[in-house]
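# Fold and contact review
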Amino acid sequence: MNLTIYNSLSGEKEIFKSIHEKSVGMYVCGPTVYSNVHLGNVRTFMSFDFIYRSLVHLGYKVRYVRNITDAGHLTDDGDVDNDRFVKQSRLEKLEPMEIVQKYTVDFHRVLELFNFLPPTIEPTATGHILEQIELTQKLIDKGFAYESNKSVYFDVVEYNKRGLNYGELSRRNIEELFANTRDLDGQSEKKNPQDFALWKAASPAHIMRWNSPWGEGFPGWHLECTAMSTKYLGEKFDIHGGGMDLKFPHHECEVAQGKACNGTEPVNYWMHANMLTMNGQRMSKSTGNYILPMELVSGSNNFFEKAFHPTVVRFNFMQAHYRSVLDISNEAMVASEKGFQRLMEAMKVLSNATFPNASLSTFDLKAWKEKCYAALTDDFNSPILIAHLFEAVNFIFKLKDGKESISEIDLQDLKSLMNNFIFDILGLQNIEENNNAKLDQTLQVLIDLRNQARKSKNFELSDQIRDRLLAEGIELKDGREGTSYSIS
């Protein structure tokens, strides 16, 4: 079957054709590691983990690049003190690279908990400063960028004057962009309000700084991804992914940088995962409608009646298409847990039970298999795939009760297909088989969360974690070499 992908650039589903036969270059914008990874990020990265698994299963050799942004993430181009790493380092009284290390470790722990496959390459922004300086100089030489007060900006007006189209990905009109933007102080370094930073001069107090032809400074956020994606995937590659919130301005700027530098569209297929909401509302720290992944897994929150295993959370996320808004709630999680348990019970029946040999099957395995692959190749439609899996689940239970029959050949094929779809492609795990290892991982995350709370003098949260675990028969023991636990 032809694989189709919804391309954000064209706004349509397109038949996927890789640049190199049976090989795929895929770049996904990774985390900015200045705080704990939030649940919305997990949903985005899980979507592309599923896409990665699907491409591999479909026979592609995939080079999957997902970066770590560990420098230069400005909340706006006007104030270098709005660098998120600088702000967080002041807040926590740590060096910026201590912040980076702390939250990179948190990111990897969370993704491991949810059974993510690691990317092929995971480059960091700070590891590619030279490439970003070279790219900036190339844009200056081509007339698409200019220096101003030791900073360098991309010239959006010049880009459009040359017949290119800044705004093509997000479908924004440049005149409207200019009309809706005003310089508050009238003293901007930029020629045009929509110009964006390629390199920013560091203030005297700015710790993260590197030498460049324009003075000491640090790279702009948008430049990092262009430098890293082109280094590892080439000037033109197959798939670029990320959250819907990155389409503008981040990905729009990447399109402009790539076309200005190399004279070609940098990416053939732009893919964007939609947002995650909770109880029908956008998740936000300011409104209190907010939960961290570990709080959902541990049950240490005020939104859900109990803790939910990471693979149940993953199953819940996979029940929505990656381009659809996903809303989580207590009711939805409870329903997902029941659905997952039924799925695992069916797999247990399929694996262990013996059925009378039949010459003919009452289940049309060929048609079912085609439907499953039709869903998978239709823009990675995970909810439709899961719906088909439950058709097989219903058949398995009827088979157990003697109401259906299956031939030995079809039985072996069904076992193989169910294992492929459930474990290899959807990335789910059998909780019983992985209970001990996952318990250790989960408890270590909770211990780390408690230690952070104690360090921040949030003793209420620290005590709550200890007491909730104790109520479940898990006692935390603090000692000189750290915190251990015992289970009664």
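Residues numbered from 1 in each chain as written. Predicted model: local features only at pLDDT ≥ 70, side-chain atom pairs only at ≥ 80, totals over all residues. Heavy atoms only, no water.

## Some words on the pairing of strand β2 (residues 12–15)
This is how it is decided: In short, DSSP must find at least two bridges between two strands for them to pair. The helix count covers DSSP runs of H or I at least four residues long, the strand count covers runs of E at least two residues long, and both are numbered beginning at the N terminus.
Both strand β1 (residues 4–7) and β2 contribute to a ladder of four bridges, which runs antiparallel. Each bridged residue has a counterpart across the sheet, and for Asn7 the counterpart in β2 is Glu12. Between β1 and β2, which pair antiparallel one after the other, the connecting turn spans four residues, and Gly11 there sits at a positive phi close to 75 degrees.

## Details of the sheet that holds strand β5 (residues 145–148)
This is how it is decided: Convention adopted: a line fitted to C-alpha atoms gives each axis, helices being fitted over their contacting stretch, and angles between N-to-C directions are expressed from 0 to 180 degrees.
The strand order β5-β6-β7-β8 describes an open sheet built from four strands, whose pairing is antiparallel. This sheet does not close on itself; its edge strands, each paired only once, are β5 and β8 (217–219). Neighbour-to-neighbour, the strand axes of this sheet turn through a mean angle of 20 degrees, independent of strand direction. Of the pairings in the sheet, the one linking strand β6 (residues 151–154) to strand β7 (residues 196–201) comprises three bridges and is antiparallel in character. Pairing of Tyr153 across the sheet is with Ala197, part of β7.

## Topic: the pairing of strand β9 (residues 237–243)
Applied cut-off: Any residue under 20% of the maximum accessible area for its type is buried, any over 50% is exposed, and the rest in between are partly exposed; the area is computed with a 1.4 Å probe on protein chains only. When the strands point away from the viewer, a crossover counts as right-handed if the route from the first strand across the helix to the second turns clockwise.
Most of β9 is tucked away, with seven of its seven residues classed as buried. Where strand β3 (residues 23–28) lies against β9, three bridges are found, and the strand directions are parallel. Paired with Met26 across the strands is Ile239, a residue of β9. As defined by bridge partners, β9 adjoins strand β10 (residues 267–273) across six bridges and the pair is classed as parallel. What sits directly across from His240, in β10, is Trp270. Taking the sense of rotation as the criterion, the β-α-β connection linking β9, helix α8 (residues 247–262) and β10 turns out right-handed.

## Considering the domain arrangement of the protein chain
In many reports, interface size means the accessible area that the parts give up when they come together. For clarity, the cut-off: All the domain ranges listed were derived from an automatic or database domain assignment. In this analysis, two residues are considered to be in contact whenever any of their non-hydrogen atoms come within 4.5 Å of each other. Defined here as a combined quantity, buried area equals the accessible surface (1.4 Å probe) lost by two parts on assembly, summed across both. For salt bridges, the criterion is a side-chain nitrogen of Lys or Arg within 4 Å of an Asp or Glu carboxyl oxygen. Any pair of N or O atoms that falls within 3.5 Å is considered a polar contact. Within protein, one atom must be able to donate a hydrogen and the other to accept it, and sequence-neighbouring residues count only if both atoms are side-chain atoms. Any residue outside Ala, Val, Leu, Ile, Met, Phe, Trp, Tyr, Cys, Pro, Asp, Glu, Lys and Arg is labelled polar, Gly included; the first ten of those are nonpolar and the last four are charged.
Assigned domains within the protein chain: domain 1 (19–273), domain 2 (277–424) and domain 3 (437–487). Computed from C-alpha atoms alone, the centre-to-centre distance between domain 1 and domain 2 is 35 Å. Contacts between domain 1 and domain 2 engage 25 residues on the former and 30 residues on the latter. Here domain 1 packs against domain 2, burying approximately 2400 Å² in sum over the two surfaces, 74% of which is carbon and sulfur. Interface area lost by domain 1 to domain 2 is led by Leu39, Arg43 and Phe50, which between them contribute 31%. Here domain 1 and domain 2 share one salt bridge between them. Summed over the shared surface of domain 1 and domain 2, the number is seven residue pairs in polar contact (both at pLDDT 80 or more). Only α1 (39–57), α3 (96–113) and β10 provide two or more residues apiece to the side of domain 1 that touches domain 2. Here the side of domain 1 that touches domain 2 gets 13 residues from one element, more than from any other, and that element is α1. The residue inventory of the side of domain 1 that touches domain 2, partitioned by class, reads 14 nonpolar, eight polar and three charged.

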